[in-house]
Amino acid sequence: DDTLQVSTQAELLKESYDAATSVTDILDSMEDPSPHHYVATLKTWANTCEMAHTMRMTKMGIVIGIPQRTQHILSQEPDPSVESYNQVIKAWAYSSEYLRGTMAEQVFQNIKYPNGESFRMIVRAHAWSKEKRSAFQATGHFMRMMRLLEIGSQ
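### What to know about the overall build of the chain
Now for step 1: Looking only at helices and strands, one finds 7 helices and 0 strands in the chain.
Now for step 2: Helices and strands in the chain line up, N terminus first, as α-α-α-α-α-α-α.
Now for step 3: Taken over the C-alpha trace, the chain has a radius of gyration of 16 Å; the compact-globule value for 154 residues is 15 Å, and the two agree within 12%.
Now for step 4: The dimensions of the chain, computed from C-alpha atoms along their principal axes, are 50 × 45 × 25 Å.
Now for step 5: Counting only residues that meet the buried cut, the chain has 37% of its 154 residues in that class.
Now for step 6: Within the chain, contacts between residues at least 6 apart in sequence are counted, and of these 69% link residues at least 24 apart.

### Considerations on the nonpolar core
Now for step 1: Ile89 and Val107 are the most contacted members of the largest nonpolar core, which has 30 residues in total.
Now for step 2: At the level of elements, helix 1 (2–29), helix 2 (35–54), helix 3 (66–76), helix 4 (82–93), helix 5 (100–108) and helix 6 (116–128) are the ones that each hand at least two residues to this core.
Now for step 3: Apart from the residues lying within four places of it in its own chain, the contact partners of Val107 are Gln71, Leu74, Tyr85, Val88, Ile89 and Trp92.

### Notes on empty space enclosed by the protein
Now for step 1: Taken as a whole and judged by the stated rule, the model has 1 cavity of 30 Å³ or more.
Now for step 2: Lining of the largest cavity is provided by Thr58, Val63, Ile64, Gly65, Pro67, Ser95, Ser96 and Glu97.
Now for step 3: Of the residues in the lining of the largest cavity, the class split is 3 nonpolar, 4 polar and 1 charged.

### Some words on unusual backbone geometry
Now for step 1: Positive phi values are uncommon outside glycine, yet Arg56 reaches one of about 60°.
Now for step 2: Note on placement: Arg56 falls in the loop between helix 2 and helix 3.
Now for step 3: Arg56 sits in the exposed class, given a relative accessible area of 78%.

### Describing the pattern of salt bridges
Now for step 1: Enumeration according to the criterion identifies 4 salt bridges in this entry.
Now for step 2: Ionic pairing is found between Asp18 and Lys14, a salt bridge with its closest N-O pair at 2.7 Å. With Asp18 and Lys14 both in helix 1, this residue pair falls 4 residues apart, about one helical turn.
Now for step 3: Residue classification places Asp18 among the partly exposed residues on the basis of a relative accessible area of 34%.

### Let's talk about the packing of aromatic side chains
For any pair of aromatic rings, the description rests on two quantities: the centre-to-centre distance and the angle between the ring planes.
Now for step 1: Within the structure shown, the criterion is met by 3 aromatic pairs.
Now for step 2: Judged by centre distance (5.4 Å) and plane angle (75°), the rings of Tyr17 and Trp45 are edge-to-face. Of this pair, Tyr17 sits in helix 1 while Trp45 sits in helix 2, placing them 28 residues apart in sequence.
Now for step 3: With a centroid separation of 5.5 Å and an interplanar angle of 65°, the aromatic rings of Phe108 and Phe119 are classed as edge-to-face. In this pair, Phe108 is assigned in helix 5 and Phe119 in helix 6, connecting sequence segments 11 residues apart. Residues Phe108 and Phe119 agree in their burial class; the two are buried.

### Let's talk about helix 6
Now for step 1: The end-to-end C-alpha separation of helix 6 is 18 Å, in line with the 18 Å expected for 13 residues at 1.5 Å each.
Now for step 2: Within helix 6, burial applies to Ser118, Phe119, Met121, Ile122, Ala125 and His126.
Now for step 3: Contacts made by the buried residues of helix 6 are with helix 4, helix 5 and helix 7 (134–152).
Now for step 4: Two or three places before Glu117, at the opening of helix 6, Asn115 has a side-chain oxygen 3.1 Å from that residue's backbone nitrogen.

Calculation notes
- Residues numbered from 1 in each chain as written.
- Predicted model: local features only at pLDDT ≥ 70, side-chain atom pairs only at ≥ 80, totals over all residues.
- Heavy atoms only, no water.
- Helix = DSSP H or I, 4+ residues; strand = E, 2+ residues; numbered from the N terminus.
- Rg over C-alpha atoms; globule rule 2.2 N^0.38 Å.
- Buried < 20%, exposed > 50% of the residue type's maximum accessible area, 1.4 Å probe, protein only.
- Contact = heavy atoms within 4.5 Å.
- Core = buried A, V, L, I, M, F, W, Y, C linked by side-chain atoms within 4.5 Å.
- 1 Å grid on protein atoms, 1.4 Å probe; cavity = no way out; pocket = protein on both sides within 12 Å on 5 of 7 lines; lining within 4 Å.
- Points joined across faces, edges and corners; volume = space filled by probe spheres on them.
- Nonpolar A, V, L, I, M, F, W, Y, C, P; charged D, E, K, R; others polar.
- Salt bridge = Lys/Arg side-chain N within 4 Å of Asp/Glu carboxyl O.
- Phe/Tyr/Trp six-rings, centres within 6.5 Å; stacked < 30°, edge-to-face > 60°.
- Expected span 1.5 Å × (residues − 1).
- Polar contact = N/O pair within 3.5 Å; in protein donor to acceptor, adjacent residues only side chain to side chain.

Listed below in structure tokens is the structure:
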């Protein structure tokens, strides 16, 4: 029974991966993709990482390398939106990469005006990271978010 469930989950994850690959192929074939096309593509990859995380299958071969792939797609976007950055941070957060906190942090630092989702994802990336300074980093981002909320409510 458990073997059947794992097999079904692996098939669902493979379908999500294949869909993300197809969406990326479409993006690559477009002459002048809009920011929406980039976000949709990045979201498909980030959601695949989230699905793998939920299923506890982040070490599965097809999932490894997705965060790097999202960063490559982001690098091709002429003027990335906050939502595009957020999707790449989400892919890092839900990956099993040891340095996911550091890698997500590098992406986060490129956002001029992070939003609530940006903070939520960067805190999550650091909280799940096994790096020594991740708890400190997550706390720092949480405190910054609280200060911004306090300023916004005044």
